[in-house]
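Inside the fold
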Amino acid sequence: MHALKANSSPSPPSPTPKPSPLGADRFGTRGRIFAGALLLSVLIFGAFLNGINAPYIFDDTDSIPGNPSIRSFSTALTPPTNSGITVSGRPVLNLSFAINYALSKADSKAYHLGNILIHALAALTLWGVVRRTLQLPVFASRFSRDTTWLAWLVAALWAVHPLQTESVTYLVQRAESLVGFFYLLTLYCFIRYTTVQNRIWFAASISACLLGMGTKEVMATAPFVIFLYDRTFISGTFRKAWQQQKLLHLGHVCTLLLLGTLVFFSKARGSSVGANDIVTHWSYLCTQAYALVRYTLLSFWPASLTMDYGTLVVTEAFTIVSCGAIVVAALGVTIWAIVHKPILGFLGAWFFAILAPSSSFIPVNTQTLAEHRVYLALAAIILATTLTSHKLLGRHAWILLVLLIVPATAATVARNNVYLSEVGIWQDSLTKQPTNYRAWASIGFFRLHIDNQPTEAKKYLERALELKPNYMHALNRLGHALIKLGQTAEGIDLVERSLVTDPNSMALNAGAGSAYIDAGLYERAVSHLHKALESDPASSALNRNLAISLTKLGRDTEAEPHFRTSLESEPDSVDTLNDLGALLRRTGRIDEAIAMLSRALELSPESALPHGNLGIAYLTQGKTSEGLSHLREAVRLEPKSYELRTNLSQGLARTGHYNEAISMCEALLQEKPDVELYNNVGGLYGQTGQLAKAATAFHAALQIDPTNTKARNNYERAQAYLEAQRKH
């Protein structure tokens, strides 16, 4: 292509010439550049805004709501280490989440907006880099009239490409978009410094490089890629590049010290980096040959995008040999081109260098393939395609390129829709990677906890364990499913086995606590939930589950602060507001209870339990009509609830509605004979003078529990009254 036929050793005159002034480009006025920036931003927000309602997925939870270090700026630069979560060893990334948290707490929408903003800044910076590069003398003014719109189209196609959805809509992959922004900003500031020699650009380039090193390890290649850029587009030779910009290149290299320190103290990112029994150095290298070919194909035809490939390892000889041959050939062409066709060589080097930290022989054993890794590398492919189009079609190329933006944007919007449901994105991954054990286990989790379908959950979790027998999270969840299915002993055994290899795991202890609540083993639940809270003391779910367990044990005083901590993170949780309101009612703080329960009903007027608890609270205050109104509404909303109907029967009895209360109690007893309920209905019969029926009810209670003192005393009293009546 015309743009790639520069001399093998371009030697612009010394000193380094300035690029053509912006006025030379008839589209380059400040007003048009501002309009272009605005249009690019609108395009990006239009492509990604539908993903703003996407929930936290996969490891988002560990890095954002489950990450206590982002809740204070004093700890933001010291994220958890040796944990393997996305923010581990990446303080700048963690700081960005801390800024979000300070502004919006755990509201996922705000984090999505932050991701879109970062992506927009990266795209605008890419526009600036490409535009100023095409204006350099090395291109001999080939694009003098077209640099602005050509560069804009490169940035636009790159920004709305469906491959970018994972780096934008998947929240923790802000790591990729943020490091991409700093990578491009480092280069942009370098270009500006070489043209104006202003110390501000010198400092800005090194600062951006340093921030990138604190964001993600891919930044390690930036000093070398920028040195190659200098040689290719500005200085003409490596010697001149070093001589003319020695201090700046040295400054970039020195920032590697920060990255090295972070990598060392993160301890291989919690063992997520390095070989293991499944992913060896050799198998990972073979898999990366396939990955690089797939990434390239997805760049041109982004079908079958996959959020999680699991620990896919390529073993087919044909795939390894064919993909390996393609990659080796491409590397060979890149090395040859660096010497003989520097511009083409730079584009190849950009692609391979950016992917090298994650796509070489050093295993990322938890994720052997990941589409977000192509985020910045994609720019080389987009740029080559754009310049080739310009070579073939001249100035008419813009028509084709604009037409490509439309389907790319539509595909991105469609892909974002898949992220709107966490179970949906896992189902999508499972459809495309049926051997992904994480996908099976994750869908099992949703079937268990969200859909309350333990039988379905069991099928998914058993399949996950077939694919990976030692996957502790699947074992933990399967144990919980069995408990829900009534296989309590077997379920408890699996839950305990899941904790053997990692007894301090927050996720496994949290799962165990939830399982033991369902098993009615509240003391065990308390123990495991306390252990889980050591890692995440502010977790709303953990504090709520612990509080529930404590209330079941009659320890309301201990439970209350945990309910309140849970509400700090999720102040609009109707369930927690109801539970805390019930606790306040039980402990005699009726006014506080009414306020709490009323707030729950403001948020969800159709929730039965707050109506029930509020009804009892009003009755306690002597507000009969309000109390019965809420109790009746609770039963209307959940007519099959035994507990709510029992509460209503008690409320009716307390307010003198004896006959209605008796009818309700008799209906309840048909469903479930209960000592306390027999005692209650016996008392109601006594209140209405039906002593024989009262005695019968008390006798029925004694048949269930012969040791029940209350029932025995009531029965003996009723018999005495009956005997007295017979004598008279």
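In case you missed it, the structure is sitting above this.
Let us look at the structure shown here. (Residues numbered from 1 in each chain as written. Predicted model: local features only at pLDDT ≥ 70, side-chain atom pairs only at ≥ 80, totals over all residues. Heavy atoms only, no water.)

1. Things to note about the overall build of the chain
Scanning the chain for helices and strands turns up 36 helices and 0 strands. In terms of principal-axis extent, the alpha carbons of the chain reach across some 130 × 55 × 45 Å. When the 728 residues of the chain are sorted by exposure, 53% land in the buried category. Taking contacts inside the chain between residues at least 6 apart in sequence as the whole, the part at least 24 apart equals 66%. In the form shown here, the chain has an accessible surface area of approximately 31500 Å², with 60% of it arising from carbon and sulfur atoms. Distance from the positive charge centre (62 side chains) to the negative charge centre (52 side chains) of the chain: 13 Å. (Helix = DSSP H or I, 4+ residues; strand = E, 2+ residues; numbered from the N terminus. Buried < 20%, exposed > 50% of the residue type's maximum accessible area, 1.4 Å probe, protein only. Contact = heavy atoms within 4.5 Å. Areas by Shrake-Rupley, 256 points an atom, 1.4 Å probe, with all protein chains shown as cover. Lys, Arg positive; Asp, Glu negative; His and termini not counted. Charge placed at Lys NZ, Arg CZ, Asp CG, Glu CD.)

2. Side note on the nonpolar core
Trp158, Tyr229, Phe233 and Trp350 are the most contacted members of the largest nonpolar core, which totals 95 residues. If one sorts the elements of this core by residue count, helix 5 (residues 147-160) sits on top with 12 residues. Judged by nonpolar contacts, the second largest core, of 59 residues, contains Val495, Ala532, Ala547 and Ala559. (Core = buried A, V, L, I, M, F, W, Y, C linked by side-chain atoms within 4.5 Å.)

3. Some points on the layout of surface pockets
Approximately 520 Å³ is the volume attributed to the second largest pocket. Elements with a contribution of two residues or more to the lining of the second largest pocket: helix 14 (281-300), helix 15 (317-340), helix 16 (342-355) and helix 17 (378-393). Looking at side-chain class alone, the lining of the second largest pocket contains 17 nonpolar, 4 polar and no charged residues. (1 Å grid on protein atoms, 1.4 Å probe; cavity = no way out; pocket = protein on both sides within 12 Å on 5 of 7 lines; lining within 4 Å. Points joined across faces, edges and corners; volume = space filled by probe spheres on them. Nonpolar A, V, L, I, M, F, W, Y, C, P; charged D, E, K, R; others polar.)

4. A closer look at the side chain of Ser108
Its place among the elements puts Ser108 in helix 4 (residues 108-134). Since its relative accessible area comes to 16%, Ser108 is described here as buried.

5. Some details on helix 1 (residues 30-48)
Its 19 residues give helix 1 an end-to-end C-alpha distance of 27 Å, which sits within 8% of 27 Å, the value for a rise of 1.5 Å per residue. Turning to helix 1, its buried residues are Gly36, Leu40, Ser41, Leu43, Ile44, Ala47 and Phe48. In an axial view of helix 1, the angular spread of the buried residues amounts to 160°, which keeps them on one side of the axis. For helix 1, the exposed residues set more than 90 degrees away from the buried face come down to Phe34 and Val42. Buried residues in helix 1 make contact with helix 4, helix 5, helix 6 (165-169) and helix 18 (397-418). (Expected span 1.5 Å × (residues − 1). Arc of directions from axis to C-beta.)

6. Details of the packing of helix 17 against helix 18
Contact geometry of helix 17 with helix 18 gives a least axis separation of 8 Å together with a crossing angle of 140°. Classified by the angle between their axes, helix 17 and helix 18 sit oblique to one another. Only Ala397, Leu400 and Leu401 of helix 18 make contact with helix 17, whose side of the interface consists of Thr386, Ser389, His390 and Leu393. The class makeup of the residues in the contact of helix 17 with helix 18 is 4 nonpolar, 3 polar and no charged. (Axes fitted to C-alpha atoms, helices over the stretch in contact; angles between N-to-C directions. Parallel < 35°, antiparallel > 145°, perpendicular 65-115°, else oblique.)

7. Considerations on empty space enclosed by the protein
Inspection of the entire model under this criterion finds 4 cavities of 30 Å³ or more. Taken as a whole, the largest cavity encloses approximately 150 Å³ of empty space. Elements supplying a minimum of two residues to the lining of the largest cavity: helix 4, helix 7 (174-196), helix 9 (222-235), helix 16 and helix 17. Split into classes, the residues belonging to the lining of the largest cavity amount to 13 nonpolar, 1 polar and no charged.

On their own, these measurements won't tell you what the molecule is for.
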